[in-house]
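# Secondary and tertiary structure notes
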There are 2 protein chains.
Amino acid sequence: MTKKSPSPEAVTAWARLMRVSRQLVEKTEDALKAGGLPPLAWYDVLHELAEAGEGGLRPFELIDRVLLAQYGVSRLLAKLEADGLVEKLPVSDDGRGQTVRITPSGREMRRGIWAIYGASITELMGDRLSAEELNALAALLGRLRHPPIENH
Amino acid sequence: MTKKSPSPEAVTAWARLMRVSRQLVEKTEDALKAGGLPPLAWYDVLHELAEAGEGGLRPFELIDRVLLAQYGVSRLLAKLEADGLVEKLPVSDDGRGQTVRITPSGREMRRGIWAIYGASITELMGDRLSAEELNALAALLGRLRHPPIENH
DNA sequence: CCCATATCGATGCATTTGCATCTATATGGG
DNA sequence: CCCATATAGATGCAAATGCATCGATATGGG
């Protein structure tokens, strides 16, 4: 199983991907910080919980969706709960676990973060590429995902 | 200056970019760790220093190139020096500063990291997209850079 | 020449992250 | 029913990171 060294094209694309993604995250985090808002990870979790609705989600369900480690989810949820943005409910048929549900102020916080986050996406992506280019980019990135997204 | 909310295409592309870049970094860092090698940031710095040659680089020159904060560079260089991978030389015409030069074992470490890193790039990018697609991806990402890359 | 200000790089302290492990409950084999 | 093992989630401790500041030298205006 000899692994060959990467093509120049792969290296360039890799380097761009690394640099651009870090720049975009950094700029967006800066914008949130400047607005007195919590980090992106908070948005991700609140977003998932908002989509999940009243039924809420189990912490382990959040782990795969938000690409955070188990202990990261555990600690983030503790902070969100302390801030009253989510509530933890015991789950009847599994004494180990809990269900996490977003609260009204959690939804409000999500909207607040989105005002900045969405503007950042517009500025950093929407304004720089056309809809067709954005679709092309998404399709190419989808092929790099694990598991890859099939395009048709 | 009202910022409008992002198009669905921008949001999808953004989400993919965030997810894919984090996945690729994570997989690569895991591979390095499994090989008993230091993190990617070490490679970045060693790479820049190797390219700079015998003249070396000033720490502040590294800051922009590797997208690390000033204190991050300072601390990373301290570790690299402790491991004998770089050496710090006083610079004659500026008593505040220093020049950092890669050592032979630094070059060796760089090669060692690259054996894993390069294989990871091949596996995660080179094997998944054609050369044309990689170029297309790099071009699109270049437009998202700050400052953006002009394509011709 | 002196002083105000800017730049280079390091560092103390608080927060965050990663790793390993822990407690508690669940599950399945005998 | 009991025990071995697995899974859900929390946490102690160490390392990494972020922030503010510091000491040291450089620079420029008067």
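One can find the structure itself at the top, above this paragraph.
Residue indices follow the written sequence of each chain, beginning from 1 at its first position. A letter from A marks each chain and a number from 1 marks each ligand, given out in the order of writing. Where totals are concerned, whole chains, interfaces and linings use all residues; where local detail is concerned, this predicted model gives features only for residues with pLDDT of at least 70, and gives and counts side-chain atom pairs only at 80 or more. The side-chain values count all of the structure's non-hydrogen atoms but skip hydrogen atoms and water molecules.

## A closer look at the overall build of chain A
Secondary structure is summarised from DSSP: a helix means a run of H or I of at least four residues, a strand means a run of E of at least two, and numbering begins at the N terminus for each. Across its full length, chain A carries six helices and two strands. Reading chain A from its N end, one meets helices and strands in the order α-α-α-α-β-β-α-α. Our radius of gyration looks at C-alpha atoms and nothing else; its globule reference is 2.2 Å times the residue count to the power 0.38. For a compact globule of 152 residues, the expected C-alpha radius of gyration is about 15 Å, and chain A comes in at 19 Å, more than 25% above that figure. Considered along the principal axes of its C-alpha atoms, chain A spans approximately 55 × 45 × 30 Å. In chain A, which comprises 152 residues, the share counted as buried stands at 40%. Buried residues are those whose accessible area, probed at 1.4 Å on protein chains only, stays under 20% of the maximum for their type, while exposed residues exceed 50% and partly exposed ones sit between those limits.

## Structural notes on the relation of the copies chain B and chain A
The atoms used to superpose the copies are C-alpha atoms, taken from residues with pLDDT of at least 70 in both, and the fit is least squares. Superposing chain B onto chain A requires a rotation of 180° together with a translation of 0.0 Å along the rotation axis, leaving an RMSD of 0.0 Å. Within this description, the copies of the chain are treated as partners about a two-fold rotation axis. Should any heavy atoms of two residues lie within 4.5 Å, those residues are counted as being in contact. Interface overlap between copies: 100% of the residues of chain B at the interface are likewise at the interface in chain A, consistent with a symmetric, same-surface contact.

## Notes on the protein's contact with DNA strand D
The nearness test applies per residue and asks whether one of its heavy atoms lies within 4 Å of the molecule or strand. Around DNA strand D, 18 residues are found, and the nearest of them are A:Gln70, A:Ser74, A:Arg96, B:Tyr71 and B:Gly95. When the atoms of DNA strand D within 4 Å of the protein are grouped by moiety, sugar and phosphate amount to 56% of the total. At 2.7 Å from a base oxygen of DNA strand D is found a side-chain nitrogen or oxygen belonging to A:Arg96. Here a phosphate oxygen of DNA strand D and a backbone polar atom of B:Gly95 are 2.4 Å apart. Ranked by residues supplied to the surface near DNA strand D, first place goes to helix α4 (residues 70-82) of chain A with four residues. As a working rule, the residues Ala, Val, Leu, Ile, Met, Phe, Trp, Tyr, Cys and Pro are called nonpolar, Asp, Glu, Lys and Arg charged, and the rest polar, with Gly in that last group. Among the residues forming the surface near DNA strand D, the class breakdown is four nonpolar, five polar and nine charged. Whenever a nitrogen or oxygen atom comes within 3.5 Å of another N or O atom, the pair is scored as a polar contact, on the condition that within protein one atom can donate a hydrogen and the other can accept it, and that pairs from neighbouring residues in sequence are kept only if both atoms are in side chains.

## Quick word on the protein's contact with DNA strand C
Near DNA strand C you find 18 residues, and of these A:Tyr71, A:Gly95, B:Gln70, B:Ser74 and B:Arg96 are the closest. A breakdown of the atoms of DNA strand C within 4 Å of the protein gives sugar and phosphate a share of 55%. A:Arg75 is positioned with one of its side-chain polar atoms (N or O) 2.9 Å from a base oxygen of DNA strand C. The separation between a phosphate oxygen of DNA strand C and a polar main-chain atom of B:Phe60 is 2.9 Å.

## Side note on the pattern of salt bridges
By salt bridge we mean one thing: a side-chain nitrogen of Lys or Arg within 4 Å of a carboxyl oxygen of Asp or Glu. The full count for this structure, using the stated rule, is 14 salt bridges over all chains. Residues A:Arg143 and B:Glu133 are paired through a salt bridge, measuring 2.9 Å at the closest nitrogen-oxygen approach. You can see A:Arg143 sitting in helix α6 (residues 131-144) and its partner B:Glu133 sitting in helix α6 (residues 131-144), one on each of two chains. Classification of B:Glu133 by relative accessible area gives partly exposed; the value is 24%.

## Focus: the interface of chain B and chain A
How big an interface is tends to be stated in terms of the accessible area lost upon association of its parts. Contacts between the two partners involve 59 residues from chain B and, on the opposite side, 59 residues from chain A. Interface area, chain B with chain A, both sides summed: about 5700 Å², of which 68% is carbon and sulfur. Applying the counting rule to chain B against chain A returns two salt bridges. Along the contact surface separating chain B from chain A lie 14 residue pairs in polar contact (both at pLDDT 80 or more). When contributions to the side of chain B that touches chain A are tallied by element, the ones reaching two or more residues are α1 (8-34), α3 (59-66), α5 (104-126) and α6 of chain B. It is α1(B) that contributes the most residues to the side of chain B that touches chain A, 19 residues altogether. Split into classes, the residues belonging to the side of chain B that touches chain A amount to 30 nonpolar, twelve polar and 17 charged. Throughout, the accessible surface (probe 1.4 Å) given up by two parts as they are put together, summed over both, is called the buried area.

## Observations regarding the packing of helix α1 (residues 8-34) of chain A against helix α5 (residues 104-126) of chain A
All names here are of chain A. Simply put, an axis is a line fit to the C-alpha atoms, just over the touching stretch for a helix, and the angle between two N-to-C directions goes from 0 to 180 degrees. Contact pair α1 / α5: the axes reach a minimum separation of 10 Å and the direction vectors enclose 145°. In this structure, α1 meets α5 at a crossing whose hand is right-handed. Contact with α1, carried on its side by Leu24, Lys27, Thr28, Ala31 and Leu32, involves Ile113, Ile116, Tyr117, Ser120, Leu124 and Met125 of α5 and no other residues of that element. Across the contact of α1 with α5, the residue classes break down as eight nonpolar, two polar and one charged. For any helix crossing, the convention is left-handed if the near helix is rotated counterclockwise from the far helix by under a right angle, and right-handed if that rotation is clockwise.

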